[in-house]
Amino acid sequence: SKALNCQKGPTPEPCSRWSSCGEITGGRALDVIEIDGASNRGIEDVRSIRESIRFTPASGRFKIYIIDEVHQITGDGFNALLKTLEEPPLHAKFIFATTAPHKIPPTVLSRCQRFDFRRIPTRVIAEVLAGIVRKENLRADEAALREIAKAADGSLRDAESILDQLASFSRDGISFHQVADAL
C-alpha cells in the first residue's frame, strides 16, 4: 500500500516521510481497506466492496483492498467479485493473501499476479540481526544470533522479537547459552 501510494511512487522503496505513508503505517489510511475473508465471505460482503470501489480514493493515488484468507470467500462471493476483477477501476488495487491458493477459482487466479512468499533463510536472518546489534550498540555472540535465527523459523519479525527480549535482560551481551536457556 505504501509503495503504491507514496508521494514518490509508485515505488519499490516507499520513503515513509509523507503523510500517506504515515497514515498507512498507523492504520489510519482511508484508502486502504483490510478485509477478513473468513468472516466477510458471502455475496453480500463482496457486493459492498463493489459498491465502495466506485468511489475514488480520499487522498492516495489508489484505493487498495487487502483481503486476507481470500480462499474462504464462497463460490457466489467469488462470482460477484469476478466482474470487478475483469474491469477494475483505474484507481483500485486488490491484494489477496492466502495460505491455500488452490482453493481460489481459476477464473479469479487468471486475473491476478501471483507472488509466493517463502521463509527467510537462517543465514540471512542472522546477518540482519548482526546489523541490528551493531546499530544498537549491543553485544551478541555469532552463535547466539544463529540460534535466534534458527528458532525464528524463517520469520524476521519473530527473530527481532526474540533479540529484543534477550537484549532487555542481558547486560553483558547475549551469549549462546542465554539464548538456549531462554528458548
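Rules of the game
Residues numbered from 1 in each chain as written. Predicted model: local features only at pLDDT ≥ 70, side-chain atom pairs only at ≥ 80, totals over all residues. Heavy atoms only, no water. Pairing = 2+ DSSP bridges. Helix = DSSP H or I, 4+ residues; strand = E, 2+ residues; numbered from the N terminus. Axes fitted to C-alpha atoms, helices over the stretch in contact; angles between N-to-C directions. Phe/Tyr/Trp six-rings, centres within 6.5 Å; stacked < 30°, edge-to-face > 60°. Buried < 20%, exposed > 50% of the residue type's maximum accessible area, 1.4 Å probe, protein only. Parallel < 35°, antiparallel > 145°, perpendicular 65-115°, else oblique. Left-handed = near helix turned anticlockwise from the far one by under 90°. Contact = heavy atoms within 4.5 Å. Nonpolar A, V, L, I, M, F, W, Y, C, P; charged D, E, K, R; others polar. Salt bridge = Lys/Arg side-chain N within 4 Å of Asp/Glu carboxyl O.

Caption draft 1: Expanded view of the sheet that holds strand E1 (residues 32–36). Taken in spatial order, the three strands of this open sheet run E1-E2-E3, and their pairing is parallel. Because the sheet does not close on itself, it has two edges, and the strands there are E1 and strand E3 (92–97). In this sheet, neighbouring strand axes are inclined to one another by 15 degrees on average, regardless of whether the strands run parallel or antiparallel. Of the pairings in the sheet, the one linking strand E2 (residues 63–68) to E3 comprises six bridges and is parallel in character. Opposite isoleucine 66, over in E3, you have isoleucine 95 as the bridge partner.

Caption draft 2: Representation of the packing of aromatic side chains within the structure. Applying the stated criterion across every chain, the model contains two aromatic pairs. Ring centres of tyrosine 65 and phenylalanine 94 lie 5.4 Å apart, and the angle between their planes is 25 degrees; this geometry places the pair in the stacked category. Linking tyrosine 65 in strand E2 with phenylalanine 94 in strand E3, this pair joins segments that are 29 residues apart in sequence. For tyrosine 65, a relative accessible area of 1% puts it in the buried group. Between phenylalanine 94 and phenylalanine 96, the ring centres sit 5.8 Å apart and the planes meet at 50 degrees, which makes this aromatic pair tilted. Three or more aromatic residues joined by ring pairs form one cluster here, namely Tyr65, Phe94 and Phe96.

Caption draft 3: Focus on the packing of helix H3 (residues 43–52) against helix H4 (residues 75–86). Where H3 contacts H4, the axes come no closer than 8 Å and their chain directions differ by 15 degrees. Judged by the angle between their axes, H3 and H4 are roughly parallel. The two elements H3 and H4 cross, and the hand of that crossing is right-handed. On H4, the residues that touch Ile43, Val46 and Arg50 of H3 are Asp76, Gly77, Ala80, Leu81 and Thr84. Of the residues in the contact of H3 with H4, the class split is four nonpolar, two polar and two charged.

Caption draft 4: Spatial organisation of the environment of alanine 92. Along the chain, alanine 92 turns up in strand E3. The exposure class of alanine 92 is buried, given its relative accessible area of 6%. Separated by 38 residues in the primary sequence, alanine 92 and arginine 54 have C-alpha atoms spaced 8.8 Å apart. Leave out the neighbours within four places in its chain, and alanine 92 touches Ile53, Phe62 and Lys63.

Caption draft 5: Focus on the packing of helix H7 (residues 142–152) against helix H8 (residues 156–169). Packing of H7 against H8 brings their axes to within 8 Å, and their N-to-C directions diverge by 135 degrees. Taken together, H7 and H8 sit at an angle that is classed as oblique. As for the relative orientation of H7 and H8, their crossing is right-handed in sense. Seen from H7, the contacting residues are Leu145, Ile148, Ala151 and Ala152; seen from H8, they are Asp158, Ala159, Ile162, Leu163 and Leu166. Residues that form the contact of H7 with H8 fall into these classes: eight nonpolar, no polar and one charged.

Caption draft 6: Highlighting the pattern of salt bridges. For the coordinates displayed, the defined rule picks out eight salt bridges. Where lysine 83 meets glutamate 87, a salt bridge forms, and the shortest distance between an N and an O atom there is 3.6 Å. On the basis of relative accessibility, which here comes to 56%, the residue glutamate 87 falls in the exposed class. Here arginine 146 ties to glutamate 142 by a salt bridge, and the two come within 3.1 Å at their closest N and O atoms. Here the residue arginine 146 and the residue glutamate 142 both occupy positions in helix H7, the gap between them amounting to four residues, near one helical turn.

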